[in-house]
Amino acid sequence: LNGMAIDGIVWHEFISVDPLREAGWAQRLAERLPVPMAIVELVDFSASDLEARLDAYTQYANVAAVRQHLGWDANKPMRCMAPRGDFLTDAHWRQGVRLLKKYNFKCSLEVFSPQLPDLHTVIRENPETGFTVALMGWPATLDDMEFERWKRILQEIAACENARLTVSALECVFGMDWVPKKAR
């Protein structure tokens, strides 16, 4: 890579139909790499077999986190990454998130900007769990008013000691011709 050093890799799940098999594959790859690799695997915090899934992930030394795709846009069905849009406020789903403290897994959630206030509440309710907000909380639109609202709630989330934001897939948010100035 033109003289650049790679200190480690983060493997994010591929929305597999068999996440446990995928985790095993990722673990075998991690064991052969010359650099550390953290694995982030798929989970559904509302699933009846959640605890069994989390138990199974503990078999893999490199699984460091789990994530769920929760992006929901009621106005654009093609942007609905979850089966419904109310998971962040659902008591049963939130109970599932609370299980993470038993496993010491971090939690990655992919949401759109209108969902950020509810995500902020989940993060504050679980101070013992580290959270990663994927795709920077994906702003719903890029008009000035929404962009300012998005930046404001991200600042509130960033103030939580147990929260991190990932800067990734900027082309999904800002388009293929994005420039750094546009993301500021």
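Quick note: structure is the one above.
1. A closer look at the side chain of S46
Then, in step 1: Inspection of the secondary structure puts S46 in the loop between strand 2 (37–42) and helix 2 (50–57).
Then, in step 2: If near-sequence neighbours (up to four positions away) are discounted, S46 is found in contact with F87, H92 and W93.

2. Some thoughts on the nonpolar core
Then, in step 1: Among the nonpolar cores identified, the biggest contains 40 residues, and F45, W93, L109 and L116 are the most heavily contacted of them.
Then, in step 2: The leading source of residues in this core is helix 6 (residues 144–158), at 5 residues.
Then, in step 3: Sequence-distant contacts of W93, defined by excluding residues within four places in its chain, comprise F45, S46, Q68, L70, F87, L88, L109 and V122.

3. Brief notes about the packing of helix 3 (residues 91–98) against helix 5 (residues 116–125)
Any two packed helices are characterised by the angle at which their axes cross and by the distance between the axes.
Then, in step 1: Where helix 3 contacts helix 5, the axes come no closer than 11 Å and their chain directions differ by 45°. On the basis of the axis angle, helix 3 is oblique to helix 5. In this structure, the crossing between helix 3 and helix 5 has a hand that is right-handed. Contacts from W93, R94, V97 and R98 of helix 3 reach helix 5 at D118, T121, V122 and E125.
Then, in step 2: Within the contact of helix 3 with helix 5, the residues separate by chemical class into 3 nonpolar, 1 polar and 4 charged.

4. Examining the environment of W93
Then, in step 1: Along the chain, W93 turns up in helix 3.
Then, in step 2: In this structure, the C-alpha to C-alpha distance between W93 and D44, residues 49 residues apart in sequence, is 8.3 Å.
Then, in step 3: Here the side chain of W93 touches Q68 through a polar contact of 2.8 Å, side chain to side chain.

5. A look at the pairing of strand 3 (residues 63–69)
Then, in step 1: In terms of burial, strand 3 is largely enclosed, as 6 of its 7 residues are buried.
Then, in step 2: Here strand 2 runs beside strand 3; their pairing, made up of 4 bridges, is parallel. In the strand pairing of strand 3, I39 is matched with V63.
Then, in step 3: Since strand 2 and strand 3 lie parallel, the crossover through helix 2 that links them has a hand, and here it is right-handed.
Then, in step 4: Bridge count between strand 3 and strand 4 (residues 106–110): 5 bridges; the pairing is parallel. What sits directly across from H69, in strand 4, is E110.

6. A closer look at the pattern of salt bridges
Then, in step 1: Summed over the entire model, instances satisfying the criterion amount to 8 salt bridges.
Then, in step 2: A salt bridge links E51 to K102; the nearest nitrogen and oxygen atoms lie 2.4 Å apart. Pair noted here: E51 is in helix 2 and K102 is in helix 4 (residues 100–103), with a separation of 51 residues, a long-range link.
Then, in step 3: Its relative accessible area of 55% is what places K102 among the exposed residues.
Then, in step 4: Here D73 makes a salt bridge to R79, at a shortest N to O gap of 3.2 Å. Each member of the pair, D73 together with R79, is buried.
Then, in step 5: Connected via shared salt-bridge partners are R84, D86 and D90.

Reading the values: the criteria
Residues numbered from 1 in each chain as written. Predicted model: local features only at pLDDT ≥ 70, side-chain atom pairs only at ≥ 80, totals over all residues. Heavy atoms only, no water. Helix = DSSP H or I, 4+ residues; strand = E, 2+ residues; numbered from the N terminus. Contact = heavy atoms within 4.5 Å. Core = buried A, V, L, I, M, F, W, Y, C linked by side-chain atoms within 4.5 Å. Buried < 20%, exposed > 50% of the residue type's maximum accessible area, 1.4 Å probe, protein only. Axes fitted to C-alpha atoms, helices over the stretch in contact; angles between N-to-C directions. Parallel < 35°, antiparallel > 145°, perpendicular 65-115°, else oblique. Left-handed = near helix turned anticlockwise from the far one by under 90°. Nonpolar A, V, L, I, M, F, W, Y, C, P; charged D, E, K, R; others polar. Polar contact = N/O pair within 3.5 Å; in protein donor to acceptor, adjacent residues only side chain to side chain. Pairing = 2+ DSSP bridges. Right-handed = clockwise from strand over helix to strand, strands pointing away. Salt bridge = Lys/Arg side-chain N within 4 Å of Asp/Glu carboxyl O.

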